[in-house]
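One letter stands for each residue in the lines below.
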Amino acid sequence: MYEQIQLPYATDALEPVLDQLTIETHYGKHHKTYTATFNDLAAKAGVADKPAVEVLKNLDAVADDALRTGLRNNGGGYYNHNLYFSILGPNAGGAPTGVLADKINEAFGSFDAFKEKISALALGQFGSGWAWLSVKPDGSLVLSKTANQDNPYSLGEDAIPILALDVWEHAYYLKYKNVRADYVKAFFDIVNWDAVAKNYDEAVK
Ligand code: MN3
């Protein structure tokens, strides 16, 4: 049984960056539906005993086209939102410290340069999708963007995502309307860098 993470904050705790109705709808409706559908399809495909990441890495093993596409979209929707909601928090923002800060500087030059680069990817994603900060097998960091509910796993990339930035309109439209750039700018005020650092540590274990 795949389960949504429990939000580590109240639905109004990310105000004013993300309003309560957005979080309630995003987590309580969109994410909930992806999760329920993923459970349903994983059972149909006989893969429900596998971790979600394994299902996403091995989509090619699912012969039926509709089932494979459904698993890709809903398994992605399940996994991606668990990561997204887990790296946000109130009283957050600022900049990372420690090893993660070093790795960001190493890969992108500076924290500001990192923010510029991931923002450009987020804004350059035409239509719905995501921007990612991921860890490569050698412990270095890499940025990417994906369409729809794809992620580095479902695309077969050898990288472990540690930060997810949702740029589907449902993530921001109620408050920011069509202005994705304002949402992306404000997103960094609610990134919980301790949570991202923990993901980094897990990824390089
Ligand atoms: Mn979303």
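### Focus on the environment of F187
Argument step 1. Relative to the helices and strands, F187 is located in helix α7 (residues 180–187).
Argument step 2. With relative accessibility at 1%, the residue F187 sits in the buried group.
Argument step 3. Leave out the neighbours within four places in its chain, and F187 touches V17, Y84, I87, L88, L163, A164 and L165.

### Here we look at the nonpolar core
Side chains of nonpolar character tend, in soluble globular proteins, to be buried together.
Argument step 1. Ranked by internal contacts, the top residues of the largest apolar core, which has 63 residues, are L18, Y84, F114, Y183 and F187.
Argument step 2. By residue number, the principal contributor to this core is helix α3 (residues 65–86), which donates seven residues.
Argument step 3. Domain assignment of the residues forming this core places at least three in each of domain 1 (20–86) and domain 2 (98–203).
Argument step 4. Contacts of L18, omitting those with residues within four sequence positions, involve I23, Y84, L88, A171, Y176, Y183 and I190.

### A few points about the domain arrangement of the protein
Argument step 1. The domain boundaries assigned to the protein delineate domain 1 (20–86) and domain 2 (98–203).
Argument step 2. Relative placement of domain 1 and domain 2: their C-alpha centres are 20 Å apart.
Argument step 3. Counting residues at the interface gives 19 residues for domain 1, matched by 22 residues for domain 2.
Argument step 4. Summing both sides of the interface, domain 1 and domain 2 together bury roughly 1,700 Å²; the carbon and sulfur share of this comes to 58%.
Argument step 5. Interface area lost by domain 1 to domain 2 is led by N80, L83 and Y84, which between them contribute 33%.

### Points about the coordination of the manganese ion
Argument step 1. Looking at the manganese ion, one finds its protein donor set to be H26 (NE2), H81 (NE2), D166 (OD) and H170 (NE2), positioned 1.9 to 2.2 Å from the metal centre.
Argument step 2. Considered as a linear motif, the donors of the manganese ion on their single chain read H-x54-H-x84-D-x3-H. With H26 in helix α1 (residues 20–45) and H170 in the loop between β3 (160–166) and α6 (173–176), the pair connects residues that are 144 residues apart, well separated along the chain.
Argument step 3. Note on H170: relative accessible area 18%, which makes it buried.

### Here's the deal with the pairing of strand β1 (residues 129–135)
Argument step 1. Of all seven residues in β1, seven are buried, a share of seventy percent or more.
Argument step 2. Two elements, β1 and strand β2 (residues 141–147), share seven bridges in a ladder whose sense is antiparallel. By the bridge assignment, S134 is partnered in β2 with V142.
Argument step 3. Between β1 and the antiparallel strand that follows it, β2, lie five residues; G139 among them carries a positive phi value of about 90°.
Argument step 4. Judged from the six bridges that link them, β1 and β3 form a sheet pairing that is antiparallel. By the bridge assignment, V135 is partnered in β3 with I160.

Reading the values: the criteria
- Residues numbered from 1 in each chain as written.
- Predicted model: local features only at pLDDT ≥ 70, side-chain atom pairs only at ≥ 80, totals over all residues.
- Heavy atoms only, no water.
- Helix = DSSP H or I, 4+ residues; strand = E, 2+ residues; numbered from the N terminus.
- Buried < 20%, exposed > 50% of the residue type's maximum accessible area, 1.4 Å probe, protein only.
- Contact = heavy atoms within 4.5 Å.
- Core = buried A, V, L, I, M, F, W, Y, C linked by side-chain atoms within 4.5 Å.
- Domains from an automatic or database assignment.
- Buried area = accessible area lost by both parts, 1.4 Å probe.
- Donors = N, O, S within 2.8 Å, 3.2 Å for Na, K, Ca; no water.
- Pairing = 2+ DSSP bridges.

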